[in-house]
Amino acid sequence: MTMKHSLLFTAMLMAATATSATATAAKNSNKGGQVFHAVVAQDGTGDYLTVQAAIDAAPEGRTEPWRIFIKEGVYKEHVDIPQSKPFLSLIGEGRQKTQISCDRLCGGPNGVKVDEGATVTAGATDLFFEGINLVNSHGHEQKDGPQALALFTQNDRVVLSRCGLLSFQDTWLTPFRAPNLRNYAVDCFIEGAVDFIYGQGNVFFDRDTLYITRKKGGYIVAPNHHPDTEWGYVFRDNVITAPGDAIETQVFLGRPWHAQPKVAFINTKAEVTIYPEGWRNHMGGLPTMFAEYGTTDWLGHALDLSQRCSRYWVQNEQKDTVWCTSKAVITADEAALYTVDNVLQGSDQWQPRQVARQCEAPVVGTAGKYLTWQPVAGAAGYVVTINGKDKKFTTDCRFAYNKKNTYRVQSVSRWGALSR
């Protein structure tokens, strides 16, 4: 909740909340204290100057979230989260404020391996990212290849909420250690032009924005799903757009990289122009399904899907041409099966929306020289922002304030998600 306090602030709210205030204001005003286990800040007001330093210091083998808060800034570094460090949460101040950026290439004469070249390589399970832009600055700035990864997720149960992934070619490589590893991206902004979402796994894209930065001939996905993959890539309620007059940008939904890809676009709003065939019919694989349901233009008018590609071919080792037929359009009943629970829950009953869920925002009043609020259900603590910039952390429900300043109080969930 954001407000500028005055002497006229509601007396009723002040009285109701004063009785619930705890004894003192935050004891750890610069560090995270019990709210965040570590704070990264370039100005020295945190525990670490770099994101990697905070990860290096995090404990191994966690079974509960280890919350790392990353203050505003551009952190120019390659970040590697090893497999031994599950349950890490990386929480930024918002993707326009907190950015991790690197310019390594995974293609061309100077290319390195993808795990070394991605701006962030996420090797562990049970990771949560919120409010951060992950940028490969080569792809983002040059608007050209070769491969330049912003993110490589290697493992199961990874959630991205309100994040940005920015590059041009091969922006996000999804996991391929096993056929049905799960990732979830909600309310994210994913930028690219050529095969910029690729790899394997069951990955659910929920209300994301796909931002195309090449005027013609781009491809959104290039998967190579293992035959045992159950769902593949599921895009639900996404927007495909582009800079400038978006309709002038022409793009393919994707092409089959290798193996037997599975992709479903459901209830997509296309502000760009999708080629009539929708999909490129040849690369290196034969898709099990490249399909759509409910695609509309920018005005909400249903697109004509009658020309969508349903025949694909590849040459085998003997140079023979092998063809397959793949369903291009699914029914309403089929589309209804593509829910977050069906795609991602699995035998362990994983609930990724609970990971990304924000607690309620505190309702803030005043009592004497303190801001006060009632405890928020499920909150691990609170972040107090002063004048839009300075961050303080507290597990108490009051905070000493000065009427000359403006304040915003946000609750912090168990996973580190900040209330709006």
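Throughout what follows, the structure given in this document is the object of discussion. Since this is a predicted model, take the numbers as computed values, not measurements.

**Let's talk about the overall build of the protein**
Argument step 1. Looking only at helices and strands, the protein has seven helices and 37 strands in total.
Argument step 2. Expected size for 420 residues packed as a compact globule is a radius of gyration near 22 Å; at 23 Å, the protein falls within 12% of this value.
Argument step 3. Expressed along its principal axes, the backbone C-alpha trace of the protein runs to roughly 80 × 45 × 45 Å.
Argument step 4. The 420 residues of the protein split such that 56% are buried.
Argument step 5. Pairs at least 24 apart in sequence give 73% of the contacts found in the protein among residues at least 6 apart.
Argument step 6. Carbon and sulfur atoms form 50% of the exposed surface of the protein, whose accessible area is close to 17,100 Å².
Argument step 7. Seen as two clouds, the 42 positive and the 42 negative side-chain charges of the protein have centres 8 Å apart.

**Describing the environment of Asp-170**
Argument step 1. Here Asp-170 is to be found in the loop between β13 (164-166) and β14 (172-174).
Argument step 2. Once the C-alpha coordinates of Asp-170 and Gly-199 are considered, the two residues, 29 residues apart in sequence, prove to be 9.5 Å apart.
Argument step 3. Beyond its immediate stretch of four places on either side in the chain, Asp-170 contacts Gln-147, Ala-148, Leu-149, Ala-150, Val-194, Asp-195, Phe-196 and Tyr-198.

**Some details on the sheet that holds strand β22 (residues 239-241)**
Argument step 1. The strand order across the open sheet formed by nine strands is β4-β7-β10-β13-β16-β19-β22-β25-β28, and the pairing between neighbours is parallel. Each edge of the open sheet is held by one strand with a lone partner, namely β4 (73-76) and β28 (296-297).
Argument step 2. Taken together, the four bridges between strand β16 (residues 189-192) and strand β19 (residues 209-212) define a ladder with parallel strand orientation. In the strand pairing of β19, Glu-191 is matched with Tyr-211.

**As for the pairing of strand β17 (residues 194-199)**
Argument step 1. Summarising burial for β17: six of the six residues are buried, a large majority.
Argument step 2. Bridge count between β14 and β17: three bridges; the pairing is parallel. Within β17, the position partnered with Leu-173 by the bridge is Tyr-198.
Argument step 3. Pairing of β17 with strand β20 (residues 218-223), which is carried by four bridges, proceeds in the parallel orientation. Bridging across to β20, Tyr-198 finds its partner in Ala-222.

**Quick word on the pairing of strand β6 (residues 88-92)**
Side-chain positions along a regular strand alternate between the two faces of the sheet.
Argument step 1. Counting buried positions over the five residues of β6 gives five, a clear majority of the element.
Argument step 2. Of the two faces of β6, the one holding Leu-88, Leu-90 and Gly-92 and the one holding Ser-89 and Ile-91 are both buried throughout.
Argument step 3. Here five bridges tie strand β3 (residues 66-70) to β6, and the two strands are oriented parallel to one another. Considered in β6, the bridge of Ile-68 is made with Leu-90.
Argument step 4. Here three bridges tie β6 to strand β9 (residues 127-130), and the two strands are oriented parallel to one another. Residue Ile-91 lies in a different strand from β9, and its bridge partner there is Glu-130.

So, how was this worked out
Residues numbered from 1 in each chain as written. Predicted model: local features only at pLDDT ≥ 70, side-chain atom pairs only at ≥ 80, totals over all residues. Heavy atoms only, no water. Helix = DSSP H or I, 4+ residues; strand = E, 2+ residues; numbered from the N terminus. Rg over C-alpha atoms; globule rule 2.2 N^0.38 Å. Buried < 20%, exposed > 50% of the residue type's maximum accessible area, 1.4 Å probe, protein only. Contact = heavy atoms within 4.5 Å. Areas by Shrake-Rupley, 256 points an atom, 1.4 Å probe, with all protein chains shown as cover. Lys, Arg positive; Asp, Glu negative; His and termini not counted. Charge placed at Lys NZ, Arg CZ, Asp CG, Glu CD. Pairing = 2+ DSSP bridges.

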